[in-house]
Amino acid sequence: MTESTAARKPRRSAGSKAAGTTGTKADTTGAKRTTRNTGTTRTAAQKGSATELVQLLTPEGERVETAKNSPYAEYASYVADITPDELRGLYRDMVLTRRFDAEATALQRQGELGLWASLLGQEAAQIGSGRATREDDYVFPTYREHGVAWCRGVDPTNLLGMFRGVNNGGWDPNGNNFHLYTIVIGSQALHATGYAMGITKDGADSAVIAYFGDGASSQGDVSEAFNFAAVYNAPVVFFCQNNQWAISESNEKQTRVPLYQRAQGFGFPGVRVDGNDALACLAVTRWALERARRGEGPALIEAYTYRMGAHTTSDDPSRYRHDDERAAWEAKDPILRLRRFLESSNHADEGFFGELEAESEALGKRVREVVRAMPDPDRFAIFENVYADGHALVDEERAQFAAYQASFATESDSGFAAGEGV
């Protein structure tokens, strides 16, 4: 896999942060304000109760300037010294991740994959947060963190074996400190918390980040993880990608308060960030990971974004949401936002975009070739390793499934191989 130009930055001490010149309480991207931030001598990061969206790039691609005494300047200071090369790297990461995701969706439609969970629209949340991690941090994903996997150096083709049914995960979790995809909703929050408690006892200078969606936030496992992390001051960051829809349930049917405010009830800070702003996601995640490494405990980040595609390829979002809702969010496209900024600030030219387009097509071609070269799934593997010594009921089910498979006519049986019926 080609290495990104937006390499992870080394650890920065608390005293080394540059004075912030950007940050905002700006556009809420559709969020409803529930309380007013009265403003005190404490920063929003210290209070963990800012009701506004942390945003550093507007949907029009303009860098937001904020006074140094703004509650959001603390977050902005984490990207105050970002270079044009790093910004181009963030853009490249998002473009290539989207290209890979689109190819995987097409492969599923062509019958090469059994299922696919698209990240379309969530590239900024994943790339921004993923690039905030250090090499020795540990990541616990769900099944949609393709962009984070890219940032951690996992070859994207390794993500596809499980969705083709030929393995249970195609990479060594310890090779990239990136755990295997988790299908059980919300359970990885507990795994991450336990791992974070363990590295604390080991005296390791690293942090853990757990990804989950707004739907998973309704699971008991997530609340239990919050409580354990708070009580044991675990160095874990909970990163919730609020893409507005948990399969077919909207936020209004899941929570009566903004998700980030749940952290207050457990005793640690919560922040809502514009999940379509890669720069803001990078800044806020750096802030949360650094405070975790300093021994200040957990934090919750709610990346307020939108799932522009289906929940998975088995889903039909037109049954529960309107096209005008998607159209409104497409105007806030995370990739277009960063491109506008790169162009307006003269940080990228047509040569850069042209080369990236060629690289994107090459990635798509490689993904297609690798997937089509994978073996077909073993249809009977599901019956193996259920019981150590076998079981009569499993044997009966296997026989029934074998009979079902045998009932399908082969091409030669149907005559198509001889050209009949063409």
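It should be noted that the structure appears before, not after, this text.
Residues numbered from 1 in each chain as written. Predicted model: local features only at pLDDT ≥ 70, side-chain atom pairs only at ≥ 80, totals over all residues. Heavy atoms only, no water.

Q: So what exactly am I meant to see when it comes to the packing of aromatic side chains here?
A: The relation between two aromatic rings is expressed through the spacing of the ring centres and the mutual angle of the planes. Considering all chains together, one arrives at 28 aromatic pairs under this definition. Centroid distance Tyr75 to Trp287: 5.2 Å. Interplanar angle 90°. Geometry classified as edge-to-face. Placement of Tyr75 in helix H2 (residues 73-76) and of Trp287 in helix H11 (residues 278-293) is noted, with a sequence separation of 212 residues between them. Classification of Tyr75 as buried rests on a relative accessible area of 0%. Accessibility expressed as a relative area gives 2% for Trp287, which makes it buried. With 6.2 Å between their ring centres and 50° between their planes, Tyr91 and Phe352 make a pair best called tilted. A residue pair is termed long-range when its members are at least 10 positions apart, and Tyr91 in helix H3 (residues 84-109) and Phe352 in helix H14 (residues 350-373) qualify at 261 residues. Neither residue differs from the other here; Tyr91 and Phe352 are each classed as buried. (Phe/Tyr/Trp six-rings, centres within 6.5 Å; stacked < 30°, edge-to-face > 60°. Helix = DSSP H or I, 4+ residues; strand = E, 2+ residues; numbered from the N terminus. Buried < 20%, exposed > 50% of the residue type's maximum accessible area, 1.4 Å probe, protein only.)

Q: Where do I start with the environment of Gly275 in this structure?
A: In this fold, Gly275 is placed in the loop between strand E6 (270-274) and H11. Spatially, the C-alpha atom of Gly275 lies 8.6 Å from that of Glu123, the residues being 152 residues apart in sequence. The contact partners of Gly275, leaving out residues within four places of it in the chain, are Ala124, Ala125, Cys281, Ala303, Tyr304 and Thr305. (Contact = heavy atoms within 4.5 Å.)

Q: How do you make sense of the pattern of salt bridges when you look at a structure like this?
A: Oppositely charged side chains are able to pair whenever their charged atoms sit close together. What the rule picks out here adds up to 27 salt bridges. Residues Arg368 and Glu103 are paired through a salt bridge, measuring 3.1 Å at the closest nitrogen-oxygen approach. Residue Arg368 is located in helix H14, and its partner Glu103 is located in helix H3; the two are separated by 265 residues in the primary sequence. Overall, Arg368 belongs to the partly exposed group, its relative accessible area being 25%. Among the ionic pairs, Arg272 bridges to Glu302, the shortest N-O distance being 3.0 Å. Of this pair, Arg272 sits in strand E6 while Glu302 is found in strand E7 (residues 299-304), placing the two residues 30 residues apart along the sequence. In this pair, the class of Arg272 matches that of Glu302, namely buried. Each of Arg92, Asp93, Arg131 and Glu359 takes part in one network of salt bridges that share partners. (Salt bridge = Lys/Arg side-chain N within 4 Å of Asp/Glu carboxyl O.)

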